[in-house]
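# Close look at the chain arrangement
Spelled out, the chains give:
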Amino acid sequence: MKHFSKEESSWMYYDWANSAYSIIITTAVFPLFYKSAAMKAGVSAADSTAYLGYTIAITTFILAMLGPILGTIADYQGMKKKFFAFFFAVGIASTASLVLIPSEQWLLLLILYTLTALGFSGSLVFYDAFLIDITTEERLNTVSARGFGLGYIGSTIPFLISIAIIILAQTKTLPLSTVTASKLAFLITAVWWGLFSIPLFKHVHQKYYVEREPRIVRNSFKRLGQTLKHIRSYRALFLFLLAYFFYIDGVGTIISMSTAYGSDLGISSTSLLIILFVTQVVAAPFALLYGRLAEKFTGKKMLYIGIFIYIIVCIYAYFLKTTLDFWILAMLVATSQGGIQALSRSYFAKLVPKQNANEFFGFYNIFGKFASILGPLLVGVTAQMSGNSSSGVFSLILLFIIGLILLKFVPETRADAVDRANDKNVGQSDINLPIMTHNNQDIP
């Protein structure tokens, strides 16, 4: 980390911290824990997968509705970290509270999972927006990709500890039930997430902001209205968000429902946990590779490659039958999972006007989260109608293709994201953007 500033390193360590949640709660241990609880309650495999998809859809809908207005308020001086801290606290507390829910109460598990997801995803809205505060535009791809790389590396440590405890409990080497071992994994997640978030709270600060004024909530709604009124001035930026809406939908759905899908195929819980651990290890260097290649070939071209690989994943998933097939599928996902997310974040950061960064990252969130509603619903409905989870995964191919086509029309730089008056007859003077402050100096 010697080539990175203290602010950059501290920001990246939140990826290291929160990735424990991504792998243990979102992807691996919790879905298997929930599926086991649902099965004991007599819920069919297809129905329990569908209910998980519906829960993810409801959760993301709630956050999507809050994203833009909270982001607009967070543009004011000192507000970004306060909102970040609130959602962070909700996520930590609810994740730790999973330990208290009886394993047979599958519905209560889904309700508390909703709170954990709100805290986790809500904190990421403001964490992502901090990217413009901690580095230069030239280093956005590198820093964002390094954050994802650190996240994958960092997540393997608590995940490996959790897997070891669960497997040792299953083999009776440890005097614990599998249920207790899984709950210990939830507690480990909360502790890891909280501990490695400390550097961000200490060293990352909001540098670009709007000066505080009376009635900030009312004025935030007005600023949001101004942005929507002059949306043509941000045509390229919102075109990217539309492309992002579709392709990130498929990415998020595959991540969040992979273990449920593998379980439906008859792959053992132990095999799934080992596969996911190796996926994290493989994904780390590939996330860094995407960042380096983006500096050479541009972020847009690397996004093309990532989307194309996910199209192959969807096709291959339809014919998947064995554990070996699932291994191959997981390794394909590992090559592009982190890269496509990291470059989407840095690409968007290059396009947004800095004085409205939180507001626009709120839109980034709403497009990403609404996408996460469509994908799980698509998988859930298709799985129930066909009685086959593979058909649901295959249906995601449509979303990647649409995203790929839309991305073709998106420019590379912030300068292209705001149309000039002589192009669209909408000048910058028509847009009532607030004053941005950086280091206490007003910048018009």
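The rules behind these values
Residues numbered from 1 in each chain as written. Predicted model: local features only at pLDDT ≥ 70, side-chain atom pairs only at ≥ 80, totals over all residues. Heavy atoms only, no water. Helix = DSSP H or I, 4+ residues; strand = E, 2+ residues; numbered from the N terminus. Expected span 1.5 Å × (residues − 1). pLDDT = per-residue confidence, 0-100. Contact = heavy atoms within 4.5 Å. Core = buried A, V, L, I, M, F, W, Y, C linked by side-chain atoms within 4.5 Å. Buried < 20%, exposed > 50% of the residue type's maximum accessible area, 1.4 Å probe, protein only. Phe/Tyr/Trp six-rings, centres within 6.5 Å; stacked < 30°, edge-to-face > 60°. Lys NZ or Arg CZ within 6 Å of the ring centre and 35° of its normal. Patch = residues over 30% accessible without salt bridge, like charges linked within 9 Å, V, L, I, M, F, W, Y side chains within 5 Å. Areas by Shrake-Rupley, 256 points an atom, 1.4 Å probe, with all protein chains shown as cover. Salt bridge = Lys/Arg side-chain N within 4 Å of Asp/Glu carboxyl O.

## Some points on helix α7 (residues 140-170)
Its 31 residues place the ends of α7 44 Å apart at the C-alpha level, agreeing with the 45 Å of an ideal helix rising 1.5 Å per residue. With its phi angle positive at about 65°, lysine 172 sits one or two positions after the end of α7.

## Section: the confidence of the model for the chain
Averaged over every residue, the pLDDT of the chain is 81; residues scoring 70 or more account for 84%. When mean pLDDT is compared element by element in the chain, helix α9 (residues 198-203) scores highest at 95, while strand β3 (residues 441-443) scores lowest at 31. Within the model, pLDDT remains below 50 along residues 417-444, and this stretch shows 61 contacts once partners closer than five positions in the same chain are excluded.

## Observations regarding the nonpolar core
For soluble globular proteins, the rule of thumb is that nonpolar side chains tend to be buried together. Counting 130 residues, the largest nonpolar core has Trp11, Phe240 and Phe400 as its most contacted members. With 17 residues, the single largest contributor to this core is helix α11 (residues 235-264). With near-sequence residues (within four places) excluded, phenylalanine 400 lies in contact with Tyr247, Gly250, Val251, Ile254, Ile307, Tyr310, Ile311 and Cys314. By size, the runner-up hydrophobic cluster in this structure holds eight residues, among which are Ala145, Tyr152, Ala283 and Ala287.

## With respect to the packing of aromatic side chains
Inspection of the entire model under this criterion finds 31 aromatic pairs. For the ring pair phenylalanine 84 and phenylalanine 201, a centre distance of 5.4 Å and an interplane angle of 50° mean the geometry is tilted. With phenylalanine 84 in helix α4 (residues 79-97) and phenylalanine 201 in helix α9, this residue pair connects regions lying 117 residues apart in the sequence. With relative accessibility at 0%, the residue phenylalanine 84 sits in the buried group. Centroid distance tyrosine 318 to phenylalanine 319: 5.2 Å. Interplanar angle 90°. Geometry classified as edge-to-face. Relative accessible area serves as the criterion here: at 38%, tyrosine 318 is assigned to the partly exposed category. Taking the relative accessible area as the measure of exposure, phenylalanine 319 reaches 55% and is therefore exposed. Cluster of aromatic residues (ring-pair linked, three or more members): Trp11, Tyr14, Tyr21, Phe84, Phe88, Phe120, Tyr127, Trp193 and Phe201. The residue whose ring lies beneath lysine 80 is phenylalanine 130, and the NZ or CZ to ring-centre distance is 4.7 Å. Over the ring of phenylalanine 409 we find lysine 408; its NZ or CZ atom is 5.5 Å from the centre of that ring.

## A word on a nonpolar patch on the surface
Where nonpolar side chains cluster on the molecular surface, the patch consists of Ile58, Phe61, Ile62, Met65 and Leu66 and spans about 440 Å² of accessible area. Relative to the assigned elements, phenylalanine 61 resides in helix α3 (residues 45-74). With relative accessibility at 41%, the residue phenylalanine 61 sits in the partly exposed group.

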